Amino acid sequence: MSNPLPTAHATFEPVRAQAIESLNLQIQEFRHRETGAVHYHMAADNTENVFLVALRTVPQDSTGVAHILEHTALCGSERFPVRDPFFMMLRRSLNTFMNAFTSSDWTAYPFASQNRKDFNNLLDVYLDAVFFSRLDPLDFAQEGHRVEFAIPDDPSSELIYKGVVFNEMKGAMSSVSSTLWQKFCEHLFPSTTYHYNSGGEPENIPDLSYAQLKAFYESHYHPTNAIFMTFGDIPAAEHQAAFEERALARFERLDQRIEVQPEQRLAAPIRVNDIYAFDENTDTAGKTHLVMGWMLGESSDLEGMLEAQLLSSVLLENSASPLQHALETTELGQAPSPLCGLEESMREMVFVCGIEGSEAEHADAFEQMVLEIIEDVANNGVAAERLEAVLHQLELHQREVSGDNYPYGLHLILQALGSATHYADPIAAMNLDPVIESLRTKIQDPDYIKRLARQLLLDNSHRLTLVVEPDSELSARRLEREAARLADIKQAMSEEQKQATVKLAADLIERQQSTDDESILPKVELTDIPAEVSDVSPTQSPINGLTVTRYGQGTNGLVYQQWVAPLPALDDEQRAVLPLYTSFLSELGLGESTYLETQHRQSADVGSIHAFTSMRGKVEDEQAIKANFVLSSKALLRNAAAQAELMRDTLHSARFDEHARLRDLVSQQRARREQSVTGNGHGLAMAAACAGMSPLANLNHELTGLAGIRRLRALDEALKDDGELATFGDTLANIHANVQSMPGELLVVAEPQEAERLATDLSAIYADASNSGAKTLSLAPVRERRGEFWVTNTQVNFCARAYPTVPVGHPDAAALSVLGGFMRNGFLHRAIREQGGAYGGGASQDSGSAAFRFYSYRDPRLADTLADFDAAIDWLLQGGHDARALEEAILGVIGSLDKPSSPAGEAKQHFHNSLFGRTHAHRKQFRERILAVSLDDLMRVSETYLRADAASTAVVSNSVQRDANEALLSDLALTVQEL
């Protein structure tokens with residue numbers, strides 16, 4: 001039911017308002033009278049206000065025009081004609097989020113802040129950047145692409161391509177899953193924008209001209225094509241006054257409607273064979289991907305979308321789902337494809353399933369297997385309790401207050417954006433409760449799910465089977481084509497064009513090294529920082545013989561439980577598989593129940609259940625660690641007792657004798673970890689560089705870093721032997737027995753009025769789970785230099801260098817934390833991103849490992865970047881730095897410290913901090929030390945800790961770079977490691 005029309009600014013027409021109880025907010029819709037721009041405001045009692053403006057962007061090629069425009073638009077505007085206002089504002093702000101996104105059919109510019117002055121500052125800059133961007137040709141050359149001589153001022157040297165997006169997409173398309181998805185869309189959508197790579201294909205990006213970029217901006221970046229979305233406690237009319245004054249008053253309505261056209265339906269299913277680049281020095285056998293997918297109906301049809309979600313969940317939700325079970329256990333491949341599931345962000349939904357680690361010859365058998373499973377559902381249906389469990393998951397997802405990764409308001413905005421993009425109703429898309437209730441009635445008909453399976457999939461001819469095989473020569477052919485194209489360009493250059501190319505490089509360097517007048521940008525001051533940081537107050541006491549800590553938080557009807565115990569002493573063999581133990585614990589059977597029956601139980605009772613380890617160095621000594629085992633879950637309030645019973649049974653009766661299941665889980669884990677390298681190469685490189693700094697850093701690298709991935713590969717191969725598999729199961733069982741022997745305690749987070757009752761009721765369920773305990777995990781001290789060059793499947797480099805420093809309790813930890821931002825802002829951003837062309841780079845203090853790390857991300861350079869790390873230290877030690885730059889670095893650290901999380905996340909974070917001795921007083925002291933850091937402190941800690949003789953280096957790259965940099969590897973004593 002709609003509410004009375006909300007108050008609007010005079011230039012906006014209020015359209016409607018609707019309260020959504022399950023989200024504790026009211027959504028209001030407005031339309032700008034002159035331009036037709038729409039504004040959706042989510043009015044909530046939340047001081048973290050969020051803004052987003054999105055433009056429908058519908059590219060018709062793979063030059064990356066929308067993506068390059070997103071970058072270039074943020075490089076200076078009419079009111080703020082500085083080189084890099086976006087990155088400048090990052091450090092002049094207390095934002096809790098700032099970014100920009102390019103999707104397949106929209107480009108969005110979001111930010112969030114808890115500080116009203118800061119919010120208004122950012123709003124000014126964002127509105128001007130989007131609607132009055134300068135689009136300087138030099139910015140297009142820097143962010144998009146350009147040709148440059150290898151020696152910039154020497155026309156006799158060879159030409160090379162440069163550009164931030166060019167290198168970003170080389171890195172992105174090194175990911176096999178990204179390549180698979182792009183090829184899948186290319187063939188499933190033969191005639192619409194989804195046929196193209198909106199991020200840009202590296203081979204097509206150089207086709208984009210500056211004139212085409214400007215034309216795309218003028219047609220797409222207009223209020224008539226804009227969607228404004230806001231969340232928080234600032235009234236909509238106040239936002240609208242700023243929109244009008246800063247932007248909309250200067251525009252008139254355009255007679256245009258930018259939209260994605262419906263795809264033409266395929267008359268019959270198709271099969272396509274393709275290839276992907278395989279750059280490892282291993283056999284290509286068993287490396288083929290088989291993917292099968294359907295185009296479904298419009299994503300803006302809410303009932304249709306939830307029906308598709310229902311069917312997708314029935315087939316794929318967990319290992320007990322029939323299709324997921326087949327994909328996990330089939331002999332046709334190694335693991336389910338990373339593409340499995342329902343994609344509903346585009347105009348028309350897509351359902352995909354697949355396997356990896358297969359062969360092209362298995363395509364027929366794979367297709368037949370998938371169709372037979374769907375046919376079985378269409379003929380025989382699904383148990384009613386299974387459908388109820390799926391709806392339970394949808395309801396829980398609708399209710400949960402998230403916000404630990406993105407601000408909660410941004411999470412909601414992005415949920416609504418797809419519908420708004422396609423001129424549908426985002427308010428209805430936010431209020432799923434009525435549709436869920438409608439489905440709850442429909443599933444009472446046993447034929448309902450049968451009809452859905454037949455209608456959406458079996459009788460749907462718009463189906464694609466994609467067979468993608470590895471090609472170990474593809475990268476070399478691409479490099480040859482790129483070199484030939486550049487040679488042709490150079491061959492055709494006149495003397496004037498050569499000189500223009502030299503001049504462009506010189507102009508770009510001059511611009512990058514110039515100092516802009518930052519005073520024209522708004523800013524917050526240190527005096528704007530709140531004096532106090534919020535704290536939460538738990539209650540802790542023994543109940544039913546068990547220590548129970550409870551937090552009353554606004555969880556919107558969810559209950560979070562964690563069982564926490566010290567991690568026991570483990571031998572080397574047990575420690576090596578510890579991450580697999582925690583990953584697999586909730587994937588196995590319980591007692592007499594098989595893992596399939598247990599998965600059904602989990603789906604019906606909880607939103608999630610998983611185990612993990614939490615380890616930190618001591619506040620004053622990084623060489624001494626404390627480690628805990630945690631079993632964690634979330635559920636709706638009505639299921640809290642069943643949730644606790646499931647947790648207890650997982651702790652007491654997990655079974656490790658399902659050997660075939662263990663083998664499948666290891667294969668799946670291996671596939672996921674291998675795919676993570678190209679997305680998190682900088683994190684893995686930093687972990688390798690820090691591995692000699694402390695026992696915890698060493699363990700991270702050995703268990704979850706590059707060394708861990710390599711060990712996982714070897715284990716996966718070894719477990720093909722049944723004897724090895726049985727031994728592995730016994731090892732996991734022994735770890736579990738040790739964990740069970742430790743004394744545990746219970747954490748409960750729930751609504752304030754429920755927390756005490758739940759603490760009493762739930763602790764009784766766990767009461768017999770408390771034990772006396774044995775020895776806890778201890779690790780030998782580690783402090784040594786390391787140097788490694790990791791060879792893997794990537795077109796770009798990830799570089800890292802680390803120096804041993806101090807733990808969080810040391811007085812110097814504050815200055816080192818500020819130093820990271822100071823170096824990034826003052827030197828590294830310009831050197832590594834703007835001049836070097838990497839997608840990202842920076843430095844940070846990791847007080848947990850007691851290490852200061854430099855890094856680069858998706859980087860075309862290697863030796864020059866490592867030299868820039870050294871140059872950053874020299875730059876710092878030369879002195880003469882500006883006090884305002886120090887203030888900006890301090891603001892950045894304070895902003896990250898004060899960043900809010902979800903109500904449940906805030907409670908869990910407080911609880912675990914307390915377990916590790918990090919009290920509110922510690923947090924307050926560290927904050928005060930940050931605010932007191934001086935330029936002299938930065939000089940002192942740099943001289944003390946960032947010494948060349950203490951540096952460790954790690955690089956993640958490829959075999960071509962390894963061969964080209966033999967001398968460098970020798971000079972730096974980097975050992976080559978094959979992943």
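Keep in mind that this is a model prediction, so the values were computed, not measured.

**Things to note about the overall build of the protein chain**
At step 1: Counting secondary structure elements, the protein chain contains 36 helices and 29 strands.
At step 2: Computed over its C-alpha atoms, the radius of gyration of the protein chain comes to 28 Å, within 12% of the 30 Å expected for a compact globule of 979 residues.
At step 3: When its C-alpha atoms are laid out on the principal axes, the protein chain stretches across 80 × 65 × 60 Å.
At step 4: The 979 residues of the protein chain split such that 59% are buried.

**Points about the packing of helix α9 (residues 302-316) against helix α12 (residues 384-399)**
Geometrically, a packed helix pair is captured by the angle between its two axes and the distance between the axes.
At step 1: With their axes 10 Å apart at the nearest point, α9 and α12 run at an angle of 120 degrees to one another. For the element pair α9 / α12, the angle class is oblique. Relative to α12, α9 is oriented so that their crossing is right-handed. Here L306, Q309, L310, S313 and V314 of α9 come into contact with α12, specifically with R386, L387, V390, L391 and L394.
At step 2: A class-by-class count of the residues in the contact of α9 with α12 yields 7 nonpolar, 2 polar and 1 charged.

**Focus: the packing of aromatic side chains**
Any aromatic ring pair is given by two values, namely how distant the centres are and how the planes are angled relative to each other.
At step 1: Considering all chains together, one arrives at 33 aromatic pairs under this definition.
At step 2: Here the aromatic rings of Y581 and F629 are separated by 6.1 Å at their centres, their planes lie at 35 degrees, and the arrangement is tilted. A residue pair is termed long-range when its members are at least 10 positions apart, and Y581 in helix α20 (residues 578-584) and F629 in strand β22 (residues 621-636) qualify at 48 residues. Note on accessibility: Y581 and F629 belong to one class, buried.
At step 3: Each residue in the set F12, F51, F86, F87, F111, F119, Y126, F131, F132, F228, F243 and F251 is aromatic and connected to the rest through ring pairs, giving one cluster.
At step 4: Sitting above the plane of the Y423 ring, R56 keeps its charged end 3.8 Å from the centroid.
At step 5: Directly above the aromatic system of Y423 lies the positively charged group of R257, at a separation of 3.7 Å from the ring centroid.

**Overview of the packing of α9 against helix α16 (residues 448-458)**
At step 1: Put simply, α9 and α16 touch, their axes get as near as 10 Å, and they point 100 degrees apart. Relative to α16, the element α9 is oriented roughly perpendicular. Two secondary-structure elements touch here, α9 through E307, A308, L310, L311, V314 and L315 and α16 through Y448, I449, L452, A453, L456 and L457.
At step 2: Here the residues of the contact of α9 with α16 are counted per class, giving 11 nonpolar, no polar and 1 charged.

**Looking at the side chain of R91**
At step 1: Secondary-structure assignment places R91 in the loop between α2 (85-90) and β6 (97-98).
At step 2: Here the side chain of R91 touches E888 through a polar contact of 3.4 Å, side chain to side chain.
At step 3: Those residues within four positions of R91 in sequence are excluded, and the remaining contacts are E518, N825, E888 and L891.

**Comments concerning the environment of L387**
At step 1: With respect to the secondary-structure elements, L387 resides in helix α12.
At step 2: Judged by its relative accessible area of 3%, L387 falls in the buried class.
At step 3: Distance from L387 to A150, taken between C-alpha atoms, is 61 Å for residues 237 residues apart in sequence.
At step 4: Once you skip the residues sitting within four places of it in the chain, L387 turns out to touch L310, V314, V382, I443 and I449.

**Brief notes about the environment of D301**
At step 1: Along the chain, D301 turns up in the loop between β13 (288-298) and α9.
At step 2: Residue classification places D301 among the partly exposed residues on the basis of a relative accessible area of 42%.
At step 3: Between the C-alpha atoms of D301 and S419, which are 118 residues apart in sequence, the distance is 9.0 Å.

**Description of the nonpolar core**
At step 1: Counting 61 residues, the largest nonpolar core has F51, Y109, F131 and F228 as its most contacted members.
At step 2: Considering every element that reaches this core, the biggest residue donor is helix α3 (residues 116-131), with 9 residues.
At step 3: With sequence-adjacent residues up to four places away left out, F131 is seen in contact with V53, Y217, Y221, H222, P223, A226, F228, A247 and F251.
At step 4: In terms of nonpolar packing, the next biggest core, distinct from the first, is built from 57 residues, F656, L662, L732 and A759 among them.

**Some points on the side chain of T731**
At step 1: Within the secondary structure layout, T731 lies in helix α27 (residues 722-740).
At step 2: With residues up to four places along the chain from it excluded, the contact list for T731 reads E573, Q574 and V577.

**Remarks on the pairing of strand β24 (residues 787-791)**
At step 1: Counting buried positions over the 5 residues of β24 gives 5, a clear majority of the element.
At step 2: Residues G787, F789 and V791 of β24 are buried on one face, and the alternating residues E788 and W790, pointing to the opposite face, are buried as well.
At step 3: As defined by bridge partners, β24 adjoins strand β28 (residues 952-957) across 5 bridges and the pair is classed as parallel. Counterpart to E788 in the pairing with β28 is A954.
At step 4: Note that β24 and strand β29 (residues 975-978) share 4 bridges and pair parallel. Its bridge partner being in β29, V791 is matched across the sheet by E978.

**A short note on the pattern of salt bridges**
Oppositely charged side chains can form a pair if their charged atoms are brought close together.
At step 1: This model, assessed by the stated rule, comprises 74 salt bridges.
At step 2: Put simply, K162 and E148 hold a salt bridge, and the shortest N to O gap is 3.0 Å. Taken together, the positions of K162 in strand β10 (residues 159-162) and E148 in strand β9 (residues 146-149) put the pair 14 residues apart, joining distant regions of the chain.
At step 3: We note a salt bridge from D846 to R853, for which the minimum N-O separation is 3.6 Å.
At step 4: A relative accessible area of 22% means that D846 is categorised as partly exposed.
At step 5: Taking relative accessible area as the criterion, R853 reaches 16% and is therefore assigned buried.

**Here we look at the sheet that holds strand β23 (residues 745-750)**
At step 1: The 6 strands lie next to each other as β18-β19-β23-β20-β22-β21, forming an open sheet whose pairing is mixed. Looking at the sheet topology across the chains shown, the edges are occupied by β18 (539-543) and β21 (608-618). Pairwise comparison of adjacent strand axes, ignoring direction, gives a mean angle of 25 degrees for this sheet.
At step 2: Pairing of strand β20 (residues 558-566) with β23 involves 5 bridges; the strand directions are antiparallel. Across the sheet, Y560 pairs through a bridge with V749, a residue of β23.
At step 3: Of the strands in this sheet, β20 and β22 are in contact with α12, which crosses β22 at around 120 degrees.

**Brief notes about unusual backbone geometry**
Peptide bonds are trans in most cases, and residues, glycine excluded, mostly fall at negative phi.
At step 1: In the Ramachandran plot, L135 falls in the positive-phi region, its phi being about 50 degrees despite a non-glycine side chain.
At step 2: If you trace the backbone, L135 turns up in the loop between α3 and α4 (137-143).
At step 3: Look at L135 and you get buried, because its relative accessible area is 2%.
At step 4: At N556, a residue that is not glycine, the phi angle is positive and equals roughly 60 degrees.

Rules behind the numbers
Residues numbered from 1 in each chain as written. Predicted model: local features only at pLDDT ≥ 70, side-chain atom pairs only at ≥ 80, totals over all residues. Heavy atoms only, no water. Helix = DSSP H or I, 4+ residues; strand = E, 2+ residues; numbered from the N terminus. Rg over C-alpha atoms; globule rule 2.2 N^0.38 Å. Buried < 20%, exposed > 50% of the residue type's maximum accessible area, 1.4 Å probe, protein only. Axes fitted to C-alpha atoms, helices over the stretch in contact; angles between N-to-C directions. Parallel < 35°, antiparallel > 145°, perpendicular 65-115°, else oblique. Left-handed = near helix turned anticlockwise from the far one by under 90°. Contact = heavy atoms within 4.5 Å. Nonpolar A, V, L, I, M, F, W, Y, C, P; charged D, E, K, R; others polar. Phe/Tyr/Trp six-rings, centres within 6.5 Å; stacked < 30°, edge-to-face > 60°. Lys NZ or Arg CZ within 6 Å of the ring centre and 35° of its normal. Polar contact = N/O pair within 3.5 Å; in protein donor to acceptor, adjacent residues only side chain to side chain. Core = buried A, V, L, I, M, F, W, Y, C linked by side-chain atoms within 4.5 Å. Pairing = 2+ DSSP bridges. Salt bridge = Lys/Arg side-chain N within 4 Å of Asp/Glu carboxyl O.

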